[in-house]
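Residue strings, one per chain:
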Amino acid sequence: MQNGFYSAAGGMVAQFSRLDNITNNLANLNTNGYKREDLVVGDFLRLYQNERDNLPLDNQTKEGAKFIHRTVARVPQVIESYRDMSVGAFQNTGNTFDMALKEENLFFAVLTPDGIKLTKDGAFTLNDEGILSTKQGHKVLSSDYFINGSFIEFGTDATNIELDKNGKFSYLVTGNSKFIPGSELLLVEPENVNKLKPAGDNLLTPDQAETFERVEGSGAVFQGALEKSNVNAIKSMVGMIEAQRLVGMYQKVMDTQMNEMNRDAIDKIANSRA
């Protein structure tokens with residue numbers, strides 16, 4: 001009886017986690033380059049079986065590992081979270097410094113007070129110094145940053161700024177009809193995107209052990225467009241309704257279990273006094 005109550009409580013907690021996750025995704029529905037986060041709900045039995053072959057441990061044997069508490073092992077719980085890195089839809093803006101990347105694991109690199117961060121949000125602008133920056137003022141890194149510490153900068157006389165598919169800038173200056181080669185974006189591809197952590201301002205913190213090497217000839221850059229969130233509003237709403245209904249079902253199970261436990265306790269007390 002108590003096991004049933006425990007299982008229902010565990011299932012409700014898992015659904016609350018799902019609701020929090022879905023709500024966060026929906027809140028970022030219109031965030032440029034946002035990547036949907038999702039949870040995997042499983043049970044202790046799955047986790048146990050994944051690690052069982054690593055036995056024997058101290059005071060345990062592989063034979064003894066076959067005997068587990070099946071009821072408790074079936075309690076639903078969040079066993080993993082992941083970020084869906086699929087490319088979102090592109091929105092054409094026509095703005096010179098709006099950029100989008102069509103490759104899943106390719107990122108822009110920017111410099112923040114907390115170090116280098118990665119982002120998929122290509123809504124850039126020029127700051128007062130003519131340096132390409134994010135809307136929050138973080139400077140966008142050039143491909144030569146680790147060589148000479150340079151950023152992507154344009155003079156006041158630069159016009160008709162163009163960006164090729166590999167992230168290389170070129171521009172015209174007043175009185176000159178020939179395009180001048182400019183800086184190149186630092187595009188990086190992390191070794192493990194699952195280790196990226198949200199850092200606020202639509203930025204991601206890479207793994208501390210990550211080494212940045214620029215990706216050359218990516219052919220993935222689009223100028224005058226922004227990548228939108230890859231959150232599917234309809235699927236997210238369906239998932240939210242499903243989670244809410246499961247919470248209600250688990251609550252009814254818990255109420256039933258509690259009522260039966262109370263009734264059983266009353267009967268035992270009554271019988272002991274008879």
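Data block above holds the structure.
Before going into details, it helps to say that this report is about the structure given with it.

Criteria and thresholds
Residues numbered from 1 in each chain as written. Predicted model: local features only at pLDDT ≥ 70, side-chain atom pairs only at ≥ 80, totals over all residues. Heavy atoms only, no water. Buried < 20%, exposed > 50% of the residue type's maximum accessible area, 1.4 Å probe, protein only. Helix = DSSP H or I, 4+ residues; strand = E, 2+ residues; numbered from the N terminus. Pairing = 2+ DSSP bridges. Patch = residues over 30% accessible without salt bridge, like charges linked within 9 Å, V, L, I, M, F, W, Y side chains within 5 Å. Areas by Shrake-Rupley, 256 points an atom, 1.4 Å probe, with all protein chains shown as cover. Salt bridge = Lys/Arg side-chain N within 4 Å of Asp/Glu carboxyl O. Phe/Tyr/Trp six-rings, centres within 6.5 Å; stacked < 30°, edge-to-face > 60°. Lys NZ or Arg CZ within 6 Å of the ring centre and 35° of its normal. Axes fitted to C-alpha atoms, helices over the stretch in contact; angles between N-to-C directions.

## Side note on the pairing of strand 5 (residues 107–112)
In terms of burial, strand 5 is largely enclosed, as five of its six residues are buried. For strand 5 and strand 6 (residues 115–119), the ladder comprises five bridges, and the chain directions are antiparallel. Looking across to strand 6, one finds that F108 is bridged to T119. What sits between strand 5 and strand 6 in their antiparallel hairpin is a turn of two residues. In the sheet, strand 5 pairs with strand 9 (residues 139–140) via two bridges, with the strands oriented antiparallel. Paired with L111 across the bridge in strand 9 is K139.

## Digging into a nonpolar patch on the surface
Taken together, the side chains of V87, F90 and F222 define a hydrophobic patch exposed on the protein surface, amounting to about 210 Å² of accessible area. Mapped onto the secondary structure, F90 falls in strand 3 (residues 90–92). By relative accessible area, which is 31% here, F90 ends up partly exposed.

## Looking at the packing of aromatic side chains
One pass over the structure, following the stated rule, counts seven aromatic pairs. When the ring of F108 is compared with that of F124, the centres are 5.1 Å apart and the planes differ by 85°; the resulting orientation is edge-to-face. Here F124 lies in strand 7 (residues 124–126) and F108 lies in strand 5, a separation of 16 residues in the sequence. Each member of the aromatic cluster is reached from another via a ring pair, and the members are F97, F154, F169 and Y171. Positioned over the ring face of F107 is K120, at 5.1 Å from the centre of the ring. Of note, K139 hangs over the ring of F151, and the distance from its end group to the ring centre comes to 4.9 Å.

## Notes on unusual backbone geometry
Here N160, not a glycine, exhibits a phi torsion of approximately 50°, which is positive. Structurally, the position occupied by N160 is in strand 10 (residues 158–163). Overall, N160 belongs to the partly exposed group, its relative accessible area being 49%. One non-glycine residue, D201, lies in positive phi territory at about 55°. Tracing the sequence through the fold places D201 in the loop between strand 14 (197–200) and strand 15 (203–205).

## Regarding the sheet that holds strand 12 (residues 180–184)
Strand pairs in the sheet, formed through backbone hydrogen bonds, run parallel or antiparallel to each other. Taken in spatial order, the three strands make up an open sheet running 10-11-12, and their pairing is antiparallel. Taken across any chain shown, the strands that pair with only one partner, and hence form the sheet edges, are strand 10 and strand 12. Strand-to-strand twist of the sheet, defined as the mean angle between neighbouring strand axes without regard to direction, takes the value 30°. As paired elements, strand 10 and strand 11 (residues 168–173) share four bridges and run antiparallel to each other. Across the sheet, the residue bridging to A158 is V173, located in strand 11.

## Observations regarding the pattern of salt bridges
One pass over the structure, following the stated rule, counts eight salt bridges. With a shortest N-O distance of 3.9 Å, K139 and E129 are connected by a salt bridge. Placement of K139 in strand 9 and of E129 in the loop between strand 7 and strand 8 (132–134) is noted, with a sequence separation of ten residues between them. The exposure class assigned to K139 is partly exposed, which follows from its relative accessible area of 25%. By relative accessible area, which is 51% here, E129 ends up exposed. One salt bridge in this structure joins R214 and E216, with 3.4 Å as the shortest N-O distance. Judged by its relative accessible area of 58%, E216 falls in the exposed class. Overlapping salt bridges, with partners in common, bring together R36, D38 and D84 in one network.

By themselves, these are just geometric observations and shouldn't be taken as functional.
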